[in-house]
Amino acid sequence: MTQDLRLTIAAELERTRARTALLTDAVDDTDLIRQHSPLMSPLVWDLAHVGNQEELWLVRDVGGRDPVRQDIDELYDAFKHARRDRPALPLLDPGQARAYVAQVRQKALDVLDRVRFEPDRRLVDNGFAFGMIVQHEQQHDETMLSTHQLRAGSPVLTAPAPPPSAAPVTGEVLIPGGRFVMGTDTDPWALDNERPAHTVDVPAFRIDAAPVTNAQYLAFIDAGGYDDPRWWSPRGWEHRNNAGLQAPLHWIRDPGGWLYRRFGRVEPVRGDEPVVHVCWFEAEAYAAWAGKRLPTEAEWEKAARWDPATGRSRRFPWGDDPPGPEHANLGQRHLAPAPVGAYPGGASPLGVHQLIGDVWEWVSSGFEAYPGFAAFPYREYSEVFFGGDYRVLRGGSFGTDRAACRGTFRNWDHPIRRQIFSGFRCAKDVA
Ligand code: AVJ
Ligand code: FE
C-alpha cells in the first residue's frame, strides 16, 4: 500500500515537472525574465516559486532537512511582492532557477523515499503534503499557460485540436430540489477550502446543459449587450466603462467577422466552442440579457456531483473514476476549449455536459468558508481570501491538470479578471 502511494506520488511529481519544463523551455531566456502582462509574474518567478514551495513543505517541513536557499524565501513569497513588481526583484536567473528546482526535487524525492505516511501526522497522511505540492505546481503551470496566452510573438506551443462534437447539446436540465452533500471529508488530496462535507438544501433549478458558446455570446454582442446598462450591475457597468469592454479578451474585430489570437495564432472565432476569457461582470450581464442568472456555487456542485439514483455525491459528474481523455478536456492536452458535445462520456447522470474541463465556470457566489472550515496547512492558501472581493470558479479548464481538478475543487478570482481561462453557464429558477 505504502509503496504504491510512494510510486504514485513520484510519478505525479515527475509528470508535473515535465509540464513545467515544457512551459519554461518553450521560450528563450529573454522571454523567461520578461513580464508579458502586469497581471502576471515573469515565468522565471513562477519556476523558482514552485521550487521554493516544494522546499518549504517537503524538504524542510515534512523532511525536517536543512534549508537549501533560505535567503530567497522572501523573493518568492507571493504575499510580499505584487505580480507587477516582481520583474524588478533580484530573482534567480533562468539557469539558477532551473538548478534550484532540480536540487530541491532531488531532496524531496529523498524525503519521499524515507517518509512514513503516519495517519496521526495529518500533513503526511495519504501523502497529503506531496499532493498539495503537485497541485500547487500544476496551478502555477496553468498560470504560466495564461502568461503564454498573453505573450506577444510567434507561437511556441503546439497541441492537437480538441475532439469534435459528437452530438449537439442545447437547452437546460432540471435539477430536482432537495438536500445533497457539498464538499468532502474523504478525498485525500482535497484542499482545506473543499472541507468539510456538509449537507445543503438546494431548491429545484434549471442549469444549461453546456457552457455558453461563442455563438451564443456573439448574439449578446450583436444585440448591443455591451452598450446597454440594463444588463449590467452598477459595478459591472462602471467596470465595462472604465475598461472599455467590448468583447472577450483576445478577440479581434475584423471586417470578415470576429477573430481571436490564441497562443500566437490568429483564428476565426468558433461558434460551437465555450466562450473563454470573460470576466464575472460580463458573465453576469450575458445571463441577465438571456433572462437567466449565474448558478450559485451549491447549484453548480449539485449539478456536477449529485447522483439522483443513490442520493450520493460523486467525485466527478461521470462517477468516481479519475478523469481520462474520454471524460474531459484537461491538462493542456489541447490548447483550446472543445466544442460543446465533445465529451458525452463526461456528462452527469441528468445530462449536464462539460462541467469539468474546457473553461472555468464563474458562479454567482463569493469565496467563503464552508461551515466548520479549518485552515490547513496554512492560512494563506484559502483563509485570507474568504470574504474578499472574489467570485468562485468551478470545474477547471483545458489548462487545468487532472490532479488539480475534481467536483469539489474551488478556484476564485476578482470579478474583473479575464486573463484566466474563464467562461460560464447560466441557470434559472423553476417557475
Ligand atoms: C487557487 C488559483 C487562486 O493561483 O492564486 C498558487 C492557487 N495558491 N499558489 C492562485 C495558488 C498559491 C491560487 N488559486
Ligand atoms: Fe503559489
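Calculation rules
Per chain, residue numbering runs from 1 following the sequence as it is written. Chains and ligands are labelled sequentially in the order written, the chains with letters from A and the ligands with numbers from 1. Restriction of local features to residues with pLDDT of at least 70 applies here, the model being predicted, together with a cutoff of 80 or more for giving and counting side-chain atom pairs; totals for whole chains, interfaces and linings are based on all residues. Put simply, a nonpolar core is buried Ala, Val, Leu, Ile, Met, Phe, Trp, Tyr and Cys residues tied into one set by C-beta atoms within 7 Å. Here exposure depends only on C-beta density: within 10 Å of a residue's C-beta, 20 or more other C-beta atoms make it buried, 12 or fewer make it exposed, and intermediate numbers make it partly exposed, the C-beta atoms being placed from the backbone. Under the DSSP-based scheme used, a helix requires at least four consecutive residues in state H or I and a strand at least two consecutive residues in state E, with every element numbered from the N terminus. Where each domain begins and ends is defined by an automated method or by a domain database. A fitted line through C-alpha atoms serves as each axis, taken over the contacting stretch for helices, and the angle formed by two N-to-C directions is quoted from 0 to 180°. Geometric relationships in this document are graded by angle, where less than 35 degrees denotes roughly parallel, more than 145 denotes roughly antiparallel, 65 to 115 denotes roughly perpendicular, and other angles denote oblique. By convention the crossing between two helices is left-handed if the near helix lies anticlockwise of the far one by an angle smaller than a right angle, and right-handed if it lies clockwise. By definition, residues are in contact whenever their C-beta atoms, placed on the basis of the backbone, come within 7 Å of each other. Note on residue classes: Ala, Val, Leu, Ile, Met, Phe, Trp, Tyr, Cys and Pro are nonpolar, Asp, Glu, Lys and Arg are charged, and everything else, Gly too, is polar. UniProt positions are given in the numbering used here, feature names are shortened, and annotations may be inferred rather than shown by experiment. A pair of strands is labelled paired if DSSP reports no fewer than 2 bridges between them.

The next thing to look at is the nonpolar core. Val44, Ala48, Leu58, Ala129, Ala283 and Leu294 are the most contacted members of the largest nonpolar core, which totals 93 residues. With 10 residues, helix H3 (residues 43–62) is the single largest residue contributor to this core. Residues lining this core come from more than one domain, with at least three contributed by each of domain 1 (2–150) and domain 2 (161–431).

Across the interface, helix H1 (residues 2–25) lies against helix H4 (residues 94–114) with an axial gap of 10 Å and an inter-helix angle of 165°. Considering the angle they form, H1 stands roughly antiparallel to H4. Crossing geometry of H1 relative to H4 is assigned as right-handed. Residues Arg6, Ile9, Ala10 and Arg17 of H1 form the contact with H4, whose own contacting residues are Arg105, Leu109 and Leu112. Residue composition of the contact of H1 with H4, by class: 4 nonpolar, no polar and 3 charged.

Here we come to the UniProt feature "domain: Sulfatase-modifying factor enzyme-like" (unreviewed entry) in the protein chain. Using the residue numbers shown here, the UniProt feature "domain: Sulfatase-modifying factor enzyme-like" (unreviewed entry) corresponds to residues 169–428. In the segment residues 169–428, helix accounts for 15% and strand for 19%; the C-alpha atoms at its two ends are 18 Å apart.

Another aspect to go through is the sheet that holds strand E5 (residues 251–254). Here 3 strands make up an open sheet; going across it, the order is E5-E6-E7 and the pairing antiparallel. The two strands at the open ends of the sheet, each matched to only one other strand, are E5 and strand E7 (265–268). When strand polarity is set aside, the average angle formed by the axes of neighbouring strands in this sheet is 35°. As defined by bridge partners, strand E6 (residues 257–262) adjoins E7 across 4 bridges and the pair is classed as antiparallel. Opposite Tyr260, over in E7, you have Glu267 as the bridge partner.

This paragraph deals with the UniProt feature "binding site: Fe cation" (unreviewed entry) in the protein chain. The sites that UniProt annotates as "binding site: Fe cation" (unreviewed entry) are His49, His136 and His140. In three dimensions, the annotated residues from a span of 92 residues occupy one location, with a maximal C-alpha spread of 10.0 Å. Relative to the helices and strands, His49 resides in helix H3. By the C-beta count within 10 Å, which is 24 here, His49 ends up buried. Checked against the element boundaries, His140 lands in helix H5 (residues 128–150). Excluding its chain neighbours within four sequence positions, the residues that come into contact with His140 are Asp46, His49 and Val50.

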